[in-house]
Amino acid sequence: MNININRLMESMETMWQIGATAKGGVHRLTLTEEDRAARDLFRQWCEDVGLSVRVDDLGNMYARRAGTEDLPPVMLGSHLDSVPLGGRYDGPLGVLTALEVVRTLNDHGIETKHPLEVVNWSNEEGHRFNPGLFGSSVAIGTREAEVAFTAIDDDGISYRDALMRIGYAGEIANRPADIHAYLEIHIEQGPVLEAENIPVGLVQGINGQFWREVTVIGRPGHAGANPMQGRADALVAASRMVLGLRELALRSVGYGVVTVGKMSVAPGAMNIVPARVEFTIDARAAGAEDLATFDAGIIELARDAEQAEGVAITVAGTEAYPPIPFDAEVMNTIREAMVTEGLPVRELWSGGGHDAGVVGLRWPAGMIFVRSKDGLSHAEAEYSSPEDIEAATNVLLRAAVELAR
Ligand SMILES: [Zn+2]
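Note that the structure is predicted; figures quoted are calculated from it, not measured.

Examining the overall build of the chain
Line of reasoning, step 1. Broken down by element type, the chain carries twelve helices and 17 strands.
Line of reasoning, step 2. Relative to the globule expectation of 22 Å for 405 residues, the C-alpha radius of gyration of the chain, 23 Å, shows essentially globular dimensions.
Line of reasoning, step 3. C-alpha atoms of the chain, sized along the principal axes, occupy 80 × 45 × 40 Å.
Line of reasoning, step 4. Burial analysis of the chain (405 residues in total) assigns 55% to the buried set.
Line of reasoning, step 5. Long-range contacts, defined here as pairs at least 24 residues apart, represent 78% of the contacts in the chain between residues at least 6 apart.
Line of reasoning, step 6. Element-wise, carbon and sulfur atoms account for 51% of the exposed surface of the chain, whose accessible area totals about 17200 Å².
Line of reasoning, step 7. If you average the places of the 34 positive and of the 58 negative side-chain charges in the chain, the two averages end up 3 Å apart.

Comments concerning the packing of helix α8 (residues 234-250) against helix α9 (residues 288-309)
Line of reasoning, step 1. One can describe the packing of α8 onto α9 by two numbers: an axis separation of 9 Å at closest approach and a directional angle of 150°. As summarised for this structure, α8 and α9 are arranged roughly antiparallel, according to the angle between their axes. In the packing of α8 onto α9, the handedness of the crossing is right-handed. Taken together, the residues of α9 that come into contact with α8 (itself represented by Val236, Ala237, Arg240, Met241, Gly244, Leu245, Leu248 and Ala249) are Thr293, Phe294, Gly297, Ile298, Leu301, Ala302, Ala305, Ala308 and Glu309.

Re the side chain of Thr112
Line of reasoning, step 1. One can find Thr112 in the loop between α3 (92-107) and β4 (116-121).
Line of reasoning, step 2. Accessibility expressed as a relative area gives 3% for Thr112, which makes it buried.
Line of reasoning, step 3. A polar side-chain atom of Thr112 sits 2.7 Å from the main-chain carbonyl oxygen of His114.
Line of reasoning, step 4. What Thr112 contacts, discounting residues up to four positions off in sequence, is Arg65, Gly67, Thr68 and Ala404.

With respect to the coordination of the zinc ion
Line of reasoning, step 1. Donor atoms from the polypeptide that coordinate the zinc ion comprise His79 (NE2), Asp90 (OD) and His186 (NE2), at 2.0 to 2.2 Å from the metal.
Line of reasoning, step 2. Counting residues between consecutive donors of the zinc ion along the chain gives the motif H-x10-D-x95-H. Taken as a pair, His79 in strand β3 (residues 74-79) and His186 in strand β5 (residues 181-187) lie far apart in primary sequence, 107 residues in all. Each member of the pair His79 and His186 is classed as buried.

Here we look at α8
Line of reasoning, step 1. Taking 1.5 Å of rise per residue, 17 residues should cover 24 Å, and α8 covers 25 Å from first to last C-alpha, within 8% of that figure.
Line of reasoning, step 2. Check the buried side of α8 and you find it contacts β7 (208-217), β9 (257-259), β10 (263-266), β12 (276-285), α9 and β13 (312-316).
Line of reasoning, step 3. Of the residues that open α8, the one with a side-chain oxygen 2.8 Å from the backbone nitrogen of Leu235 is Asp233.

Topic: the domain arrangement of the chain
Line of reasoning, step 1. By the assigned domains, the chain splits into domain 1 (5-206 + 323-404) and domain 2 (208-321).
Line of reasoning, step 2. Relative to domain 2, the C-alpha centre of domain 1 lies at a distance of 36 Å.
Line of reasoning, step 3. The interface of domain 1 with domain 2 comprises seven residues on the first partner and nine residues on the second.
Line of reasoning, step 4. Buried surface at the junction of domain 1 and domain 2, summed over both partners, amounts to about 580 Å²; 59% is from carbon and sulfur atoms.
Line of reasoning, step 5. It is Pro323, Trp349 and Gly351 in domain 1 that bury the most area against domain 2; as a group they hold 72% of the surface buried on that side.

Quick notes on the rules
- Residues numbered from 1 in each chain as written.
- Predicted model: local features only at pLDDT ≥ 70, side-chain atom pairs only at ≥ 80, totals over all residues.
- Heavy atoms only, no water.
- Helix = DSSP H or I, 4+ residues; strand = E, 2+ residues; numbered from the N terminus.
- Rg over C-alpha atoms; globule rule 2.2 N^0.38 Å.
- Buried < 20%, exposed > 50% of the residue type's maximum accessible area, 1.4 Å probe, protein only.
- Contact = heavy atoms within 4.5 Å.
- Areas by Shrake-Rupley, 256 points an atom, 1.4 Å probe, with all protein chains shown as cover.
- Lys, Arg positive; Asp, Glu negative; His and termini not counted.
- Charge placed at Lys NZ, Arg CZ, Asp CG, Glu CD.
- Axes fitted to C-alpha atoms, helices over the stretch in contact; angles between N-to-C directions.
- Parallel < 35°, antiparallel > 145°, perpendicular 65-115°, else oblique.
- Left-handed = near helix turned anticlockwise from the far one by under 90°.
- Polar contact = N/O pair within 3.5 Å; in protein donor to acceptor, adjacent residues only side chain to side chain.
- Donors = N, O, S within 2.8 Å, 3.2 Å for Na, K, Ca; no water.
- Expected span 1.5 Å × (residues − 1).
- Domains from an automatic or database assignment.
- Buried area = accessible area lost by both parts, 1.4 Å probe.

Pasting the structure below:
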């Protein structure tokens, strides 16, 4: 029994038409008209293969294929929303491969003990309504519903109103009560698998992460009248920290990464010594020890930069998420499916957050990565080959059947 890759890619193509951009990407923000159209299409496809679709109060959609016994479902899926000018694969691949698993089981008349549910989680990306992942996190109970419902977009429209507008405000009773196991296919969004020429990866867990906001206060001065000695240049101090952060990450043993992606310089004039710099730090690692090392290292770098440059530095921000390892048994099931498929088993941590990580906080979850061309994602040029997708979907099929049997 194998999945039908042509049918799957045809569905991917059709889904891609909704919000398709001129450069081959997708622009399908949460709860927009495009999102509504994607949801309608998904619902239609589900109903076409005999699934019953229910929608919860967050707008999450669950399409159920009955099992032979009254047991909690094996859930498969991902999200249909995208970032602005995003790619075709991030999200829909997980939803449509799940649907392809159901279609394949139907083709072969195979029943499972546990029901199967294909899920489309709302607002994974968190671009229009911040923060992301709140479809899954509210549904499984790690975030308060009010945080989601009162989130406001740039036009002042609330999540609740947007949900009503597209007709996808469902019932709270439709949230999952119990999940036997959760599986998600997603593109890797990084370069690791491609570099090693490996089509499919077994995800060990979701990196832990935290964010900091750093403010450096120096002293403004005339760029010509102030000698180099005795300046309190906020940007020079910030630069010391940026380079130090890179060293810190390079020394980490696990999959540690630290990124300064946003910085502002004031007064911001060519001929004035920078008086104030603000920048962000995004730190991620698979191990809690690495995260603690990063946390302490940031403070140490700030103190060093203060002393060296005569500035004052404050580090703020407490938003932090611990690493989430995936379920050992679910991982084992995926591993065996990969071996059956003749695939090398490469295990890796996910640098990005995913619904699977959220579900994994409460129920057994696992994740399968598909190689990304050039490691590209959140970009219109995002690409994974049909061959790699086929291999991953066959792994998903076997793992799902094994878990639901
Ligand atoms: Zn995604």
